[in-house]
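Results of the structural survey
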2 protein chains.
Amino acid sequence: MVPENLAAFSRQVLAAAGADEPTAEAATRAMMHGSLHGVDSHGIRLLDHYATVLESGRVNPAPEVTLKRTARATTLLDADDGHGALAGYRAMEEAATLAQDCGLAAVGIVNSSHFGPAGAYALAAAEADMIGLVTCNADSFVRLHEGAERFHGTNPIACAVPVAGQKPWLLDMASSAVPFNRVQLYKSLGQDLPPDVASDERGEDTANPEAVAMLAPLGGAFGFKGAGLAGLAEILSAVVTGMRLSFELLPMGGPDLSTPRKLGAFALAMCPDAFVSRDDFQAGMEHYLEALRASPARASGQVMAPGDREWAEAEQRRRNGIPIDPTTLENFERLAERYRLSVP
Amino acid sequence: MVPENLAAFSRQVLAAAGADEPTAEAATRAMMHGSLHGVDSHGIRLLDHYATVLESGRVNPAPEVTLKRTARATTLLDADDGHGALAGYRAMEEAATLAQDCGLAAVGIVNSSHFGPAGAYALAAAEADMIGLVTCNADSFVRLHEGAERFHGTNPIACAVPVAGQKPWLLDMASSAVPFNRVQLYKSLGQDLPPDVASDERGEDTANPEAVAMLAPLGGAFGFKGAGLAGLAEILSAVVTGMRLSFELLPMGGPDLSTPRKLGAFALAMCPDAFVSRDDFQAGMEHYLEALRASPARASGQVMAPGDREWAEAEQRRRNGIPIDPTTLENFERLAERYRLSVP
């Protein structure tokens, strides 16, 4: 589908589901980030879910988002149980503004909902010429190192760094060893999983996608690293904000779709010229990326900077349109009928 | 060896090699952090190397460390080519002081040398009741994702979070898939490496420790994550500070031991009660750790919080003494002879 038409449909659906204009805009922007850059799990696929939870009471369709400065370089954002994308963009905007004055700044988010693609908010920082770092927690789905139950969510860490005259450096990674989507893909293809990425009900690693009951933390034999990164995300987004831990969250998919989920999140912005001149920073970043992209690849491999794959995908999708999977297309048809709209 | 005697010997050796008192104290404190907590690669083993580079001109034995506030919440620390541990502790001390006022703060380190155990400085933040995050770069030794040359260093990321009435939560991780020490250990034992942790000269993964020419980034098939984390460390410690990139650093081991290495590093501190009350933060952290430690382990596994293994090791070593490997013991004897000291 043509990106602009898809975005317009998204705004119409969300508005029809009760969302105020800032909510419809932010949620659409975040989903389009996912759908354009190939992060389809956090793309327009979520539109149906978002429309449902806006109508069912879980997500406040017209929240009064408030900001409270807690120290010179820290602000608390209360999302008023509104959409996570609205909170994410507002938090990063505020962090970037504060960081202009303070060198760096952080915003803690409370009373939020499903965050969507963390990279979208980190990218927003880089677009404002700031280094951005964002993290959140999510429904328990990843075991601890040597653990045997779902404990942390896939707790992502996303960072973006502005690059003069180029697309930003952009890292958006889950702290799990593999995305659950990938497990589902292997299942539908009837293929074995790579080693040490997912586990069965006893926490033992399995290559059989049918047996997967939880994901492994990033790092294989050194899974304490992935579990530690998930913990860092959990502490920054849920502990320092007093919000729900991953294993306490109401499941994203229901059955309770009317109680707010009380999700936390965390956004940090830092001036790239906090320590050296803007020119020196820009020259340094250019020099680093030039060396990185020129670094030799192994046979049949390709060396890329974080984000390069995503920019290439976005260019291709802008040209050829955004692919919509059959389930999402069915949902679009249902939504169009419910709200008397046309599928783009 | 008895920790106190070892620390006293270290101070004597460093002083004899020309170090001023703050340098000898900081370097000893950092090495003892490594040797107590089982991080022997960054422990007292380094004493001989540090004495050498203090004498040979690479490291300034009596540096004039200067601090320059660059914004409300950011300060630049110029280490004057002094010891990396002096810079690391001073930077974190300054970040913690600034964060008391600002909620969070960062210090960029320039003109420094070998950093030692990153966890030592993160821990210093937690001991000052702050959340600490520290990163640095190092000699190129890790390939990029699908890369075929040493590009980043093992670029560590270390974080610590204070826990009331308990030891802090402490994560100190290299962004490589495996430490090089571990490769050496497998080599000396004649054993195969775990899958996807190290590569031969063409960047192809190998289980043969004899063939290892570089380490893989953390993440196996998802090595873009480890390479991205290494890149984040590289950007925060070397790009925003204008210091040398990993592949531009003079090798730690020489032959040039007289030219300063111009290493950068980065320290961040955040008030744990930046967003909620101190009581709520403490209760939240306690609740999180209690749940984590009670989470079931898989067969023959053990679930631990980041740092738990290190605290247990430190207790055991305080009781039974710190093991010293034969090479380090030989170096001690040589140092004792050179400086007319007694090996403890």
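Residues numbered from 1 in each chain as written. Chains lettered and ligands numbered in written order. Predicted model: local features only at pLDDT ≥ 70, side-chain atom pairs only at ≥ 80, totals over all residues. Heavy atoms only, no water.

This paragraph deals with the overall build of chain A. If you tally the helices and strands in chain A, you get 10 helices and nine strands. For 344 residues, the compact-globule estimate of 2.2 N^0.38 gives 20 Å, and chain A sits close to it at 20 Å. The dimensions of chain A, computed from C-alpha atoms along their principal axes, are 55 × 45 × 45 Å. Counting only residues that meet the buried cut, chain A has 59% of its 344 residues in that class. (Helix = DSSP H or I, 4+ residues; strand = E, 2+ residues; numbered from the N terminus. Rg over C-alpha atoms; globule rule 2.2 N^0.38 Å. Buried < 20%, exposed > 50% of the residue type's maximum accessible area, 1.4 Å probe, protein only.)

With that settled, consider helix H8 (residues 278–294) of chain A. Compared with an ideal rise of 1.5 Å per residue, which puts 17 residues at 24 Å, H8 of chain A spans 24 Å between its outermost C-alpha atoms and is within 8% of the ideal. Restricting attention to buried positions, one finds in H8 of chain A the residues Phe281, Gly284, Met285, Tyr288, Leu289, Ala291 and Leu292 of chain A. One face of H8 of chain A carries all of its buried residues, which in axial projection span an arc of 160 degrees. Residues of H8 of chain A that are exposed and point more than 90 degrees away from the buried face comprise Asp279, Glu290 and Ala294 of chain A. Packing partners of the buried residues in H8 of chain A comprise strand S5 (156–161) and strand S6 (169–174) of chain A together with helix H7 (224–239) of chain B. (Expected span 1.5 Å × (residues − 1). Arc of directions from axis to C-beta. Contact = heavy atoms within 4.5 Å.)

Our next topic: the relation of the copies chain A and chain B. Placing chain A over chain B gives an RMSD of 0.0 Å and needs a rotation angle of 180 degrees, together with 0.0 Å of translation along the axis. Look at the turn and shift together and you get a two-fold axis relating the two. When each C-alpha of chain A is compared by its distance to the rotation axis, glycine 219 of chain A comes out closest, at 2.6 Å. An overlap of 99% is found between the interface residues of chain A and their copies at the interface of chain B, pointing to a shared contact surface. (Least-squares fit on C-alpha atoms with pLDDT ≥ 70 in both.)

Moving on: the environment of glycine 226 of chain A. All names here are of chain A. Among the secondary structure elements, glycine 226 is positioned in helix H7 (residues 224–239). Once the C-alpha coordinates of glycine 226 and serine 176 are considered, the two residues, 50 residues apart in sequence, prove to be 6.4 Å apart. Sequence-distant contacts of glycine 226, defined by excluding residues within four places in its chain, comprise Ser175, Pro217 and Leu218.

Turning our attention to the pairing of strand S1 (residues 66–71) of chain B. Sheet topology note: the S1 of chain B/strand S2 (residues 74–78) of chain B ladder contains five bridges and is antiparallel. By the bridge assignment for S2 of chain B, arginine 69 of chain B is matched with threonine 75 of chain B. (Pairing = 2+ DSSP bridges.)

All quantities given are derived from atomic positions and should not be read as evidence of function.
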